[in-house]
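# Notes for the structure review
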Amino acid sequence: MDSATIVEFSVEEQQILDETDRFARGELYPLAPRMDRDEWWPADLFPRLGAAGYLGITIPEAYGGVGSTLVASGLVLQAISRWNHAVGISWVAHDNLCLDNLFRNGNEEQRRRYVPALCRGTSVGALALTEPGAGSDAIGSMRTTARREGDRYILNGTKLYITNGPIADVYIVYARLDGGGDKPRVGAFIVDRGCEGFSVAQKLSKMGFRGSQTGELVFEQCAVPASNMLGGENGGIAVLMGGLDVERAMIAPMCLGIAERALALSIDYAKTRRQFGQPIGSFQMIRAKLADMYVWVETMRSFTYRVLRDAAQVEAGGGGRGEIHKLTAASVMYAAETLNKVLNDAVQIHGGTGYIWETEINRLYRANKLLEIGAGTTEVRKLIISDELLNE
């Protein structure tokens, strides 16, 4: 796909998209069948991504990163997700939800201590927000607590559905602080895997994005140094909300990459599958589906890139309100719902083949639903958009 015909990229951005596409097709695509079949994650994959220059995209070179932009980061995710979306979701949990978030909101000591290893991939990152009883109401229903004791905080609680949870070394964990009263106060903490009182309770098996490791985390009297708090005692909500806006802007290019691949597979199938003595691409109803899919992908592309550029301007502590809050919710909502339509027609074009678990189009189809749930469900996204519209 020549995205440069749709939106104007810098030379560097176009190069990043093209080079990542070649890397992902050659190195990540061959891993996808086994990852999906066995829920397998290659243990050496993050170090390989770091060595190839695909980690720390937004991080300055002085800290071991690439020194590029959020737009470039989204392009990397788009290209990876075309060829292996399970790697894509683990990559974004590491590089955006954890690493970019930590760098944006961390102090210099925290950056120096954690960022270089995360950029190399010798340390794997994750973010822990969702809980068994706290999904869409992540703040109001949060039950994980952090109690101050001298120069440390004691964390107690459980986090669920955490991408990279079973394999991560560094976690950004949100917990409810004491003394919040009716209005909850939230702290954001950097937690090391070896921290006493921390454990991975279980690895979860999923319908889609298989291979990407997802788990449940437990904190039992887990002592975290006070110096590991991100954003200070009154900054946790800002860290959380700003991070969610950037995350939503980044999920959209994942949807785009999957949709691009589904369209390409459908075009190839329509050319090669023959019925009634001719390729099925000669039938008007198949052609209509391909035309619809093309329009959906291109409109998704335009909106995704536009919002990525806007989200790149959000500074630490920003987000969670106003135009960018509305735009990022709209971007991911549109991308996920449009991907659903693309994949539904793609499976229909593939017919019985599309219903077989081992096929690539089936693998893509099974991944779709999560993108209407993660980073705020479709319903929450609509609430955000309507709230901002009515508050204007």
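Notes on the structure follow. (Residues numbered from 1 in each chain as written. Predicted model: local features only at pLDDT ≥ 70, side-chain atom pairs only at ≥ 80, totals over all residues. Heavy atoms only, no water.)

## Overview of the packing of aromatic side chains
- A full pass over the atoms with the stated rule returns nine aromatic pairs.
- Consider the rings of Phe-198 and Phe-219, whose centres lie 5.3 Å apart with planes at 50 degrees: the pair is tilted. Of the two residues, Phe-198 is situated in strand 6 (residues 198–204) and Phe-219 in strand 7 (residues 214–225); the sequence distance between them amounts to 21 residues. Residue Phe-198 shares its accessibility class with Phe-219, and that shared class is buried.
- Here a set of aromatic residues connected by ring pairs shows up, and it is made of Tyr-171, Phe-198 and Phe-219.
- A cation sits over an aromatic face here: Arg-34 above Trp-40, 3.8 Å from the ring centre.
- When the ring centre of Trp-357 is taken as origin, the NZ or CZ atom of Arg-366, which lies over that ring, is 3.6 Å away. (Phe/Tyr/Trp six-rings, centres within 6.5 Å; stacked < 30°, edge-to-face > 60°. Helix = DSSP H or I, 4+ residues; strand = E, 2+ residues; numbered from the N terminus. Buried < 20%, exposed > 50% of the residue type's maximum accessible area, 1.4 Å probe, protein only. Lys NZ or Arg CZ within 6 Å of the ring centre and 35° of its normal.)

## Some details on the side chain of Arg-210
- By secondary structure assignment, the location of Arg-210 is in the loop between strand 6 and strand 7.
- In terms of polar contacts, Arg-210 uses its side chain to reach the backbone carbonyl oxygen of Arg-37, at 3.5 Å.
- Those residues in contact with Arg-210 that lie beyond four places of it in its chain are Met-35, Asp-36, Arg-37, Glu-39, Ala-86, Ser-205, Trp-357 and Arg-366. (Polar contact = N/O pair within 3.5 Å; in protein donor to acceptor, adjacent residues only side chain to side chain. Contact = heavy atoms within 4.5 Å.)

## Description of the pattern of salt bridges
- Within the structure shown, the criterion is met by 27 salt bridges.
- Its salt-bridge partner being Arg-112, residue Glu-108 comes within 2.8 Å of it at the nearest N-O pair. Taken together, the residues Glu-108 and Arg-112, both in helix 6 (residues 108–120) and four residues apart, mark about one turn of the helix.
- By relative accessible area, Glu-108 is classed as partly exposed at 35%.
- Residue Arg-261 is joined to Glu-360 by a salt bridge in which the shortest nitrogen-to-oxygen separation is 2.8 Å. Linking Arg-261 in helix 7 (residues 236–272) with Glu-360 in helix 10 (residues 360–367), this pair joins segments that are 99 residues apart in sequence.
- Taking relative accessible area as the criterion, Glu-360 reaches 14% and is therefore assigned buried. (Salt bridge = Lys/Arg side-chain N within 4 Å of Asp/Glu carboxyl O.)

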